[in-house]
Amino acid sequence: MSRDPPNPSSPPRGGSPARQPLGPLDTLRCPSCLLLLWEPVTVSCGHSFCKPCLGGAVPSRCPLCQERLKLLGVEAARCNVVLCGLLEKCVERESRLAWLVTRVRDRLGRGDAREALRMAQKGVELAPDSSSLRLCRAEAFAALGQHPQALEDLDAVCRAEPGQHEGFFRKGKVLLEMGQRAEALLAWEHCLTLSPHFHPARREMEKILMQKDAPQPRTAAARQGDAHRGSTGPQADGGSPALPSSSAQAQDQEGEPVDGRGDAGSEHGQGTATLSEPGRRQEPETSAERQDQWLVDNEEETAAAKCTQLCLGELLSISDLECSLCIRMFFEPVTTPCGHTFCKECLERCLDHRPNCPLCKQSLREYLKAGSYSPTVLLQDIMLATFPAQLAERRELHRAEMAELSNLTKNIPIFVCTMSFPGIACPLHVFEPRYRLMIRRCQETGTRRFGMCIYENGKSFADYGCMLEIRQIELLPDGRSLVDTIGRRRFRVLSRGHRDGYNTADIEYLEDKKVAGEELQELQCLHESTYRLAQRFCEHGDLASRHIFMQHGPLPEKEEDIQASADGPTWCWWLISILPLDPSYQLNLFSTTSLRARLTQLQRILAALLQQPPARHPLPERSPRGRV
Ligand SMILES: [Zn+2]
Ligand SMILES: [Zn+2]
Ligand SMILES: [Zn+2]
Ligand SMILES: [Zn+2]
C-alpha cells in the first residue's frame, strides 16, 4: 500500500539518521484504514487488521499482500489476544477514540469531508456512546451538506449530554445552514445558558440579531428580567431578545482559543505542539470558525499526544511479548485462528502431540492442515522497535541452537527404526511427536540429514547406522508425514545422548580400507564374479521377487572405480537390503570396512540361495517404515 498517512507526529520517513523512537500510533496501525488498530485480527499471511476493516470475517485475500488466505470466515476472525493487550496497555480506550477524533478533524481541516465522514462513521460504529465521535460525524455530515443527518447526530449528543453546550452550539449552526434562524437562536441561547462565557455562540447570535429581519426566539419573552439581561451584550433594535452576559474574565480571553469544557487548558500547548499542523498555533485566532475548531480538540488532542510522546519501549515490558510456552520473548511469533500467539517452534511442538490450541484448547486441525505458520508481522515489528537488543540476543541464541543442530558428527539426531544402506532409498512414515520435531529441525537447519539405527536391546540403538538424507516430505493434513530419504554414509556410534525426547549420538563415519596393486586386482576379480552371481540371482528369482525388483528398481550398475566411494559399490548395499537376511547379519556386513570381506560374504550367501529352489527365499516386503 503506497498511501502514507499524513500524521504530523510520526517521524520523518526515508531513513533519516535521527529517527525518533516509535510511538504506539506509528506502530499499532491498521494497514487497511491506517488508523490505530481496533480489535486486531491476524490473518494467515501474518498481517493484522481491525476486525471491522475485514468486514468482521476473514476475506479470501489479504488486503495488504494479496496473499490467498487459508482460514476464512467469521470463525477465524478472532482478535489477536497479544495485540489487544498491547493496545490496551499502550493506548487507553479514551485515547484511542480521541486519536480517531483528531484524525477526523484533521481530514475536515484539509477539506476531505468524505474521508472524515468515513472515519467518523467507523468511530461511531465502534463506540456508539462517544459524543465526541458523534459530534465529528455531525460536522462531516454538515460539511457534505447532509444537514438532517447532522442534526440527528447533534440531537443525540444533546440528549446524551444535556449539560454540555457543545452539541447545542453546533446544532444552532446546522439549523442556521438549514435556514431555520429562530431554532438556531434557540439552540445558541440554550448553549449560553449552559456556558455563559462561550463567545462563539454569542457572536453567532449577534450576527443574526443584527440582521434587519431578525427572528424573535420563542423563549425570549420569558427571559425578560433575567439577571443576565442586557448587561454587556449588544442590544439590537427595540424588542429584540437579549443575550446572556459574559464575565470580564471571558472578555480577556478574546482572541484566544476558548476551551469549551474548561478542563484541559493547562495542557493546551502540549496538545498543539505534537498534533497540530505546523504553524497553526502561531496564527492569530480571530475568527469564530477558528475557535470552533478548538472547542473539543484540546483535551482529546492532549490525550492523544500523551500516548504519542511515550515510545513503545517505555510502555511495554518484555513480559508483554513473551511466549506462554517457553516463557521467553517470542521467536517467530505465529498467531492461531483462536487469536493466541506462540513462538512458531513452540506451537509446532505442541501440535505434534495434539491439534489443539495449548491455551484455549480450541481445535486447530484446520490450521494444522493449512500448514502455514506465517510470523505475525506486527509483533515482529514491535519487538524490533521496543527490544532490539533482546531480539538480537534471542536471534543469536536461535542461531547457536541451529549451528549445534547442524553438526553432523556431534549429537546427531538418531531415528531408531530400520536398517538403511548407502545409496538406497528409505521411505519413512513419521508420526511420533519426537520424530516430527527431529525431521522439522533437519529441514530448518538445512542439513536435511539424520542418523538411522536399528533398535538393539540394552543399548537403545545399535552401534552402527547410516546417515539418511531427506529427499522429499509429504506432509499429511493431520501433521504426520511421509518422508522419502536416501542412505548416505555409514557411521559408528561413539556415544549416546538425548535431545527433546529423541536419541542423539556422537559418531564417526566409516570408510572402506583402500587397497592397491595386486590386492586391488584380486579385489576387482572378486567384485566381477560376485556381481555376475548377483545378476544370476536376480534372473533366478520367482514372480514374487520380480515384483520386489520392480519396486526397488533393477540391480544397480557396476561402478568403474570400486573404491571411489567410502562405502563401496552401491549394488552391494542394494543386494544386502533385499536379501532375506537376519538384521544382525546385515549389521555385520554393514559394519565391516573391508570391501573384500563384504564381497566374500555376499558370494557365499548368493551361492547358497542359488542352490535353493526360488520359492525358498522369500524377499522382504518394502513399504514405508517407521512404527505405526
Ligand atoms: Zn482498520
Ligand atoms: Zn498479508
Ligand atoms: Zn515460545
Ligand atoms: Zn487459543
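Residues numbered from 1 in each chain as written. Chains lettered and ligands numbered in written order. Predicted model: local features only at pLDDT ≥ 70, side-chain atom pairs only at ≥ 80, totals over all residues. Heavy atoms only, no water.

**Student:** Talk me through the coordination of the zinc ion (ligand 3); I want residue IDs and the actual numbers.
**Tutor:** At the metal site, the zinc ion (ligand 3) is ligated by Cys 323 (SG), Cys 326 (SG), Cys 343 (SG) and Cys 346 (SG), and these contacts range over 2.3 Å. Geometry at the zinc ion (ligand 3) is tetrahedral, judged from its four donor atoms and the angles of 105 to 114 degrees they form at the metal. Sequence spacing of the donor residues for the zinc ion (ligand 3), all on one chain, is C-x2-C-x16-C-x2-C. Of this pair, Cys 323 sits in the loop between helix H13 (312-315) and strand E3 (333-335) while Cys 343 sits in strand E4 (residues 341-343), placing them 20 residues apart in sequence. For Cys 323, a relative accessible area of 1% puts it in the buried group. Residue class for Cys 343 comes out buried when judged on its relative accessible area of 2%. (Donors = N, O, S within 2.8 Å, 3.2 Å for Na, K, Ca; no water. Tetrahedral: all angles 85-135°; square planar, octahedral: opposite > 155°, others 65-115°. Helix = DSSP H or I, 4+ residues; strand = E, 2+ residues; numbered from the N terminus. Buried < 20%, exposed > 50% of the residue type's maximum accessible area, 1.4 Å probe, protein only.)

**Student:** Any chance you could break down the coordination of the zinc ion (ligand 1) for me, citing the residues and the numbers?
**Tutor:** The zinc ion (ligand 1) binds to the protein through Cys 30 (SG), Cys 33 (SG), Cys 50 (SG) and Cys 53 (SG); the donor distances cover 2.2 to 2.3 Å. Taken together, the four donor atoms coordinating the zinc ion (ligand 1) span angles of 104 to 117 degrees at the metal, a pattern that classifies the geometry as tetrahedral. Its relative accessible area of 26% is what places Cys 53 among the partly exposed residues.

**Student:** Quick rundown of the side chain of Ser 420? Include the residues and the values.
**Tutor:** Its location among the elements puts Ser 420 in the loop between strand E5 (412-416) and strand E6 (425-430). Take Ser 420: its relative accessible area is 4%, and that puts it in the buried class.

**Student:** I'd love a proper account of the confidence of the model for the chain, names of residues and values included.
**Tutor:** When pLDDT is averaged along the chain, the result is 79, and 77% of the positions lie at 70 or above. Of the regions scoring below 50 in pLDDT, residues 244-309 engages in 119 contacts with residues more than four places distant in sequence or in other chains. (pLDDT = per-residue confidence, 0-100. Contact = heavy atoms within 4.5 Å.)

**Student:** Can you explain empty space enclosed by the protein? Please cite residues and give values.
**Tutor:** Per the counting criterion, the structure on display carries eight cavities of 30 Å³ or more. Each pocket or cavity is described by its volume, and for the largest cavity that value is around 120 Å³. Taken together, 16 residues line the largest cavity, and the ones lying closest to its centre are Thr 42, Val 43, Ser 44, Thr 335 and Tyr 367. For the lining of the largest cavity, a count of residues per class yields eight nonpolar, eight polar and no charged. Estimates place the volume of the second largest cavity at around 90 Å³. (1 Å grid on protein atoms, 1.4 Å probe; cavity = no way out; pocket = protein on both sides within 12 Å on 5 of 7 lines; lining within 4 Å. Points joined across faces, edges and corners; volume = space filled by probe spheres on them. Nonpolar A, V, L, I, M, F, W, Y, C, P; charged D, E, K, R; others polar.)

**Student:** Describe unusual backbone geometry, with residues and values.
**Tutor:** Negative phi values dominate among residues other than glycine, just as trans dominates among peptide bonds. Phi is positive for Gln 66, which is not a glycine, with a value near 65 degrees. Looking at where Gln 66 falls in the secondary structure, it is placed in the loop between strand E2 (48-50) and helix H2 (81-90). On the basis of relative accessible area, Gln 66 is assigned to the partly exposed category, the value being 45%. Within the chain, Glu 332 stands out as a residue other than glycine whose phi angle is a positive 50 degrees. Position of Glu 332 relative to the elements: it lies in the loop between H13 and E3.

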